[in-house]
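Spelled out, the chains give:
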Amino acid sequence: MRLVMGAVVALLLTTGTAHAQELWPGTTYDAGIPTIKAVLGHDFGDQISAPEEIVIYLKALAAASPDRTRLVEYARTWEGRPLHVLAIASPARISGLDQIKADLKRLADPRTLSGADESRLLGELPVVTWLMHAVHGNEISSSDAALAEAYHLLAARGDAMVDTILRESIVLIDPLENPDGRSRFLFQNTLGRAAQPDGDRLSAEHDEPWPGGRSNHYLFDMNRDWFAQTQPETRGRLAIALDYFPHVVVDLHEMGGDSTYYFAPPSDPLNPFITPDQIRWFEVFGRANAARFDDRGFAYFIREVYDSFYPGYGESWPIFNGAIGMTYEQASARGLVFTREDDTTLTYRQGVVHHFNAAITTAYTAAGNRERLLREFLGYRRSAIAEGEKTATREYVLLPGNDPGMAGRLARNLAGQGIDVRRAREAFTVGTRDVPAGAYLVSAAQPSGRLVRNLLDTHVPQPDAFVKEQDRRRKKRLGDQIYDVTGWSLPALFDVDVITSAQALTPASTPVGAAAAPVVAVLPPAKVAYLLPWGSDTPGAVYALLGAGVRVHQASRSLTIGPRTYPAGTAIVRAAELGEGQRETLARIVGRHGVPVVALDSGWVDRGVSLGSGDVTALKVPRVVLAWDAPTSSLSAGWARYVLERRFGFAVSAVRVSSLGRLDLGKVDVLVLPQGSYDSAFSDDAVKRLREWMRAGGTLVTLGEASRWAASEKVNLLDTRPELRGGKPDVEEKDKDKDKKPTDPPQPFDYDKAVQPERERPENTPGAVVRVRLDLEHWLASGTDGGIQAIVEGRRVFTPLKLDKGTNVGTYAAKETLVVGGLAWDDAQSQLAQKAFLMHQAVGKGHIVAFAEEPNYRAFTEATELLFANAVLLGVAY
């Protein structure tokens, strides 16, 4: 009998495949849990699993172990692919998962937690470890590592580490954050793959064509989207974060193939809202991973390159909700094999194994420190409240101002991140300031208070020592160690005025949710017209009205009727021009877009432009083309397309740059050139064709580097020049020695001066938020109050247009008031101050509209996005 039972046990237990043993040597696996090879036909690391295969294997694991798993589809991508998270824990944890999630939410809000509840929750709740994989679609190995992680946790038997993980924690495995990007990468990789995998980095299977697989459908880097929440994938992940309130979060990535492996602690600079306790945990997890990697002979590095400063990363946003957030980076084979510069070979399987070991070690370290992690998570959120009560800014008041839609959008953004936001139902005062009903209140004294301060403060400082080191490096032209932007203040970039209060504010108020409340506009009868003041919601509404056949006009100057003045840009719908059913159409569209409407029974104006004036312009639906594919920046092209299509609802045709020569420009009203270097893309004849098209009425909109190209001496579409460092125009210099005149006697040799480059682009600005002044008499500034904020990132400076050449619609503020937040070196500030940000130049019947910087940056720069929408929608009418 014993022999029979032993045979049965032997059938049920196995050492697994050879590849499984490579994952975690010595593990015995349950043969009842399907291997990846049994389900998909290839083993761990043998092939790059496709997004569809990943879902198939997750479902197979969930079906084989329903008592220890819960598979949740949390979102769909723009291309319709599902996103899943697989929760793995002991049967007791999974059976009580709904109650556990409710208790996790209670632990996350110490304001309502009694002492008895606290003790019980700390004693009973599991630690939640969230392992996220492949937010960049061409960072491929972590997704197959995720499948190995799930298999190991479900199939390993008699393993003390796995038993601890299942007993003490819930592990959330998101195997593929970006299936659209992975699918794009895999298609190109397979198309270029040789009969035998080729490790040459220039081989077709490694050399991705534009846009590559890194980004999602709209070409966003979703590892920067966490507080912006523009993409459905990100919004789905935030929902998971607020459903489980994880305590340990790891975002697993890949880096260049010549590197090794990176894990925490992160490099400088650290965000100042990361606490000492969290910093100590970086060390704990780092040392645990180091010990495992040392045992396995895997090379790694720490405290280099990858920081935790910007709060929009997948690892940093959870930090400011109390988690221990970490990025892990594996050198990428970008295929099945990769030949490194030292002639060694990196395989895809090695990447899978490395990520697997880091993930399992992290899950075990978290499980072994369950109660301490829970206690310090609670302490983080409790101390956030206490700090908020003592800080100089206890309450932020977001004013509705001239554009209530902008303030409402910001408030909903914050609410979507789990931040408590209230809308005042009554007027109140803050000090000597009167605040109207409809203002939004956000307290720093809440569990997410550190996230609040990160997003709403104008400036989040970097450590002085780090800034001094970057200053030293830049002076020696060594390149900085700044990983991402240094400024991101949401009120500034939404152009929402903020009042701060050191005291708690208690007006009657209503909680704000993440979704906009549906609005059904009730239009009163109007004998003469309906006015739609221009604002951030108006371009989308006007475009929809025009598309529905409703005639819309725009006042190019302000008008005053009774006590109210309507600014330049106000849209006008004449009652006499409304056809059958169009009044209802008007009501439906303005309601959907949240645009306020004023009914007029008289056309009489007390001051300003009359409704029937020649300065009231009829608008039309523009036919818009967006340059697509190389040499455009994929980020800039994707942001522009998203803002046009999804933010404002404009139709746009994305046309590859290589096909623009075949485009019938006579059928195009607006051509948008995203950032990019177009020197090789447009011949002299093509540039001439663009100029003739503009003369005939076309509007060319150039962004960032495209504006630099348009203003170059060779192209000369824009009558200014980009500047070199020091302010000289970037033009070809004549022979310096020609016509040389006698000089003063030789001066003593100055080494510092002698080593400076003779021709150099301006000082780099690493993503600072700066003030821009706008010309309110120009149609491009419609909907603004004359001043906004923009992100400056890079080395572009444009000399302002001369008055006889065009209009500098937007110029940077004077140096003393230029920088709102982030880092801008003194030299850069001196050169940027009062230079051109937004330029308009008439070309015959058409225009060129040039932005010095990216107006659609990550799609959270709402104020400059409005300027971009104005350029696209209004240019055809003026």
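Throughout this description, residue numbers start from 1 for each chain and increase along the sequence as written. Owing to the predicted nature of the model, reporting of local features is limited to residues with pLDDT of at least 70; listing and counting of side-chain atom pairs is limited to 80 or more, with chain, interface and lining totals taken over all residues. Neither water nor hydrogens contribute to the side-chain values; these are computed over all heavy atoms in the structure.

A separate point is the overall build of the chain. Summing up its helical and strand segments, the chain has 28 helices and 37 strands in all. The globule rule is 2.2 Å times the number of residues to the power 0.38, and the radius of gyration it is compared with is taken over C-alpha atoms. For 878 residues, the compact-globule estimate of 2.2 N^0.38 gives 29 Å, and the chain sits close to it at 29 Å. With the C-alpha coordinates aligned to their principal axes, the bounding extent of the chain is approximately 100 × 75 × 60 Å. Among the 878 residues that make up the chain, the fraction classed as buried is 59%. For the chain, contacts bridging at least 24 residues in sequence account for 78% of all contacts bridging at least 6. Entry remark: accessible area of the chain is about 34600 Å², with carbon and sulfur atoms responsible for 51%. Working convention for charge: Lys and Arg count positive, Asp and Glu count negative, and His plus the chain ends are omitted. Charge placement uses NZ in Lys and CZ in Arg. For Asp and Glu, CG and CD serve respectively. Averaging the coordinates of the 97 positive side-chain charges in the chain and doing the same for the 108 negative ones gives two points 3 Å apart. Helix numbering and strand numbering both begin at the N terminus, where a helix is a DSSP run of H or I of at least 4 residues and a strand a DSSP run of E of at least 2. Classification of residues uses two cut-offs on accessible area relative to the type maximum, computed with a 1.4 Å probe and protein chains only: under 20% is buried, over 50% is exposed, and between them is partly exposed. Two residues form a contact once any of their heavy atoms are found within 4.5 Å. Only the protein chains shown count as cover for residues, and the accessible areas themselves come from Shrake-Rupley with a 1.4 Å probe.

What follows deals with the nonpolar core. The set of buried Ala, Val, Leu, Ile, Met, Phe, Trp, Tyr and Cys residues whose side-chain atoms join them within 4.5 Å is what this entry labels a nonpolar core. W709, L717, F851, F860 and F868 are the most contacted members of the largest nonpolar core, which has 245 residues in total. Examining the composition of this core, we find that 10 residues originate from one element, helix α14 (residues 348-368), more than from any other. When residues no more than four places from it in sequence are discounted, the contact partners of F851 are V701, T702, L703, G704, S707, F837, L838, L867, F868 and A871. Membership of the second largest hydrophobic core comes to 13 residues, among which are I561, L600, V605 and V609.

Okay, the packing of aromatic side chains next. To pair, rings of Phe, Tyr and Trp, with the six-membered ring standing in for Trp, must have centres within 6.5 Å; the planes then decide the type, stacked if under 30 degrees apart, edge-to-face if over 60, and tilted in the middle. Applying the stated criterion across every chain yields a total of 39 aromatic pairs. Ring centres of Y261 and F263 lie 6.2 Å apart, and the angle between their planes is 50°; this geometry places the pair in the tilted category. Taking the relative accessible area as the measure of exposure, Y261 reaches 0% and is therefore buried. Accessibility expressed as a relative area gives 1% for F263, which makes it buried. Ring geometry for W779 against Y878: centres 5.2 Å apart, planes inclined by 10°, an arrangement best described as stacked. Placement of the pair is W779 in the loop between β32 (765-774) and β33 (787-794) and Y878 in the segment after α28 (862-874), with a sequence separation of 99 residues. With relative accessibility at 24%, the residue Y878 sits in the partly exposed group. By the ring-pair criterion, three or more aromatic residues cluster together here, those being F227, Y262, F301, Y306, F309, Y310, Y313, Y483, W488, W639, Y857 and F860. Cation over ring: R450 sits above Y380, and NZ or CZ is 4.3 Å from the ring centre. Only when the NZ atom of a Lys or the CZ atom of an Arg is both within 6 Å of the ring centre and within 35 degrees of the ring normal do we say a charge sits over the ring.

Glancing now at unusual backbone geometry. The omega angle of the peptide bond from A264 to P265 is 10°, so this bond is cis rather than trans. Looking at where P265 falls in the secondary structure, it is placed in the loop between β9 (261-262) and α12 (276-296). With an omega of 0°, the peptide bond between D268 and P269 qualifies as cis. Looking at the secondary structure, you find P269 in the loop between β9 and α12. Of note, D343 is a non-glycine position whose phi angle comes to about 70°, a positive value. Despite not being glycine, R477 shows a phi value in the positive range, around 60°. Here R477 is to be found in the loop between α18 (464-475) and α19 (490-494). Judged by relative accessible area, R477 falls into the partly exposed class, the value being 35%.

To continue, consider the pattern of salt bridges. Just to be clear on terms, a salt bridge is a Lys or Arg side-chain nitrogen sitting within 4 Å of an Asp or Glu carboxyl oxygen. In the structure shown here, the tally under the stated rule is 61 salt bridges. Between R474 and D471 there is a salt bridge; the shortest N-O distance is 2.6 Å. Residue R474 and its partner D471 are both found in helix α18; the two are separated by 3 residues, about one turn of the helix. Looking at R474, the relative accessible area reads 15%, which means it is buried. Residues E577 and R551 are paired through a salt bridge, measuring 3.4 Å at the closest nitrogen-oxygen approach. Residue E577 is found in the loop between β24 (571-574) and α21 (582-593), and its partner R551 is found in the loop between α20 (538-547) and β21 (553-555); the two are separated by 26 residues along the sequence. Three or more residues joined by partner-sharing salt bridges are found here, namely D471, R474, K475, R477, R725, E760, E763 and D827.

To continue, consider the layout of surface pockets. A 1.4 Å probe that fits but cannot get out identifies a cavity on a 1 Å grid over protein atoms alone, an open set with protein on both sides within 12 Å along at least five of seven lines counts as a pocket, and a residue lines either if it has an atom within 4 Å of a point. Grid points are joined across faces, edges and corners, and a volume is the space filled by probe spheres set on the points. What the largest pocket holds in volume is close to 1300 Å³. Around the largest pocket sit 49 residues that line it, and G405, G408, R409, R412 and A516 are the ones nearest its centre. With 8 residues, the single largest contributor to the lining of the largest pocket is helix α16 (residues 404-416). Under the scheme applied here, ten amino acids are nonpolar (Ala, Val, Leu, Ile, Met, Phe, Trp, Tyr, Cys and Pro), four are charged (Asp, Glu, Lys and Arg), and all others, including Gly, are polar. Here the lining of the largest pocket is built from residues that sort into 26 nonpolar, 13 polar and 10 charged.

Residues F749, Y751 and V755 make up a contiguous nonpolar surface patch of roughly 390 Å² in combined accessible area. Its location among the elements puts Y751 in helix α25 (residues 751-754). On the basis of relative accessibility, which here comes to 54%, the residue Y751 falls in the exposed class. Residues qualify for a patch when their relative accessible area is over 30% and they have no salt bridge, like charges being joined within 9 Å and the nonpolar side chains of Val, Leu, Ile, Met, Phe, Trp and Tyr within 5 Å.

The next subject is the sheet that holds strand β26 (residues 607-608). With antiparallel pairing, 3 strands are arranged side by side in an open sheet as β23-β22-β26. The two strands at the open ends of the sheet, each matched to only one other strand, are β23 (564-566) and β26. The pairing of strand β22 (residues 559-561) with β23 spans 3 bridges and is classified as antiparallel. Bridge assignment links T560 to a residue of β23, and that residue is T565. Only strands that DSSP links by at least two bridges are regarded as paired with each other.

Here we come to the pairing of β33. Judged by how many residues are buried, β33 sits mostly within the fold: 6 of 8 residues are covered. Where β32 and β33 come together, 8 bridges link them in antiparallel fashion. Following the sheet pairing, A768 is matched in β33 by V792.

Moving on, we come to the side chain of H354. Within the fold, H354 resides in helix α14. Excluding residues that lie within four positions of it along the chain, H354 makes contacts with Y261, F293, F298 and Q330.

Next up on the list: empty space enclosed by the protein. One pass over the full model with this rule turns up 3 cavities of 30 Å³ or more. The computed volume of the largest cavity comes to approximately 80 Å³. Lining the largest cavity are A241, L242, F245, P246, W317, P318, N321, G322, A323 and F377. Within the residue set of the lining of the largest cavity, elements represented by two or more residues are α11 (232-244) and α13 (316-319).

Hydrogen bonding along the main chain pairs the strands of a sheet, whether they run parallel or antiparallel. Read across the sheet, 5 strands follow the order β18-β13-β17-β14-β19 without closing on themselves; strand pairing throughout is antiparallel. The strands lining the two open edges of the sheet, one partner per strand, are β18 (498-501) and β19 (509-511). Sheet twist, expressed as the average angle between the axes of neighbouring strands with direction ignored, equals 30°. Pairing of strand β14 (residues 421-424) with β19 involves 3 bridges; the strand directions are antiparallel. From the neighbouring strand, R423 faces β19, where its bridge partner is T510. An axis is simply a line fitted to the C-alpha atoms; with a helix, the fit covers only the stretch in contact. Between two such axes, the angle follows the N-to-C directions and lies from 0 to 180 degrees. Against the sheet, α16 touches β13 (395-398), β14 and β17 (440-443), its axis set at about 30° to β17.

A few words on helix α15 (residues 370-390). Within an α-helix, residues lying three or four positions from one another point in the same direction, as the helix has 3.6 residues per turn. An expected span of 1.5 Å times one less than the residue number is assigned to each helix. The terminal C-alpha atoms of α15, which comprises 21 residues, lie 30 Å apart, in line with the 30 Å expected from a rise of 1.5 Å per residue. Of all the positions in α15, only R370, L373, L374, F377, L378, Y380, R381, A384, I385 and G388 are classed as buried. Taken down its axis, α15 places every buried residue within 140° of arc, on the same side. Arc definition: it is the arc formed by the directions from the helix axis to the C-beta atoms.

The predicted model of the chain averages 95 in pLDDT, with 97% of residues at 70 or higher. The pLDDT value tells you how sure the predictor is about a given residue, anywhere from 0 up to 100. Low pLDDT, under 50, characterises residues 1-11; the stretch is placed with 1 contact to residues that sit more than four places away or in other chains.

Another point: α12. Spanning 21 residues, α12 covers 31 Å between terminal C-alpha atoms, matching the ideal 30 Å at 1.5 Å per step. For α12, the full list of buried residues reads Q278, W281, F282, F285, G286, N289, A290, R292 and F293. Looking one or two residues beyond α12, the residue adopting positive phi is G297, at roughly 80°.

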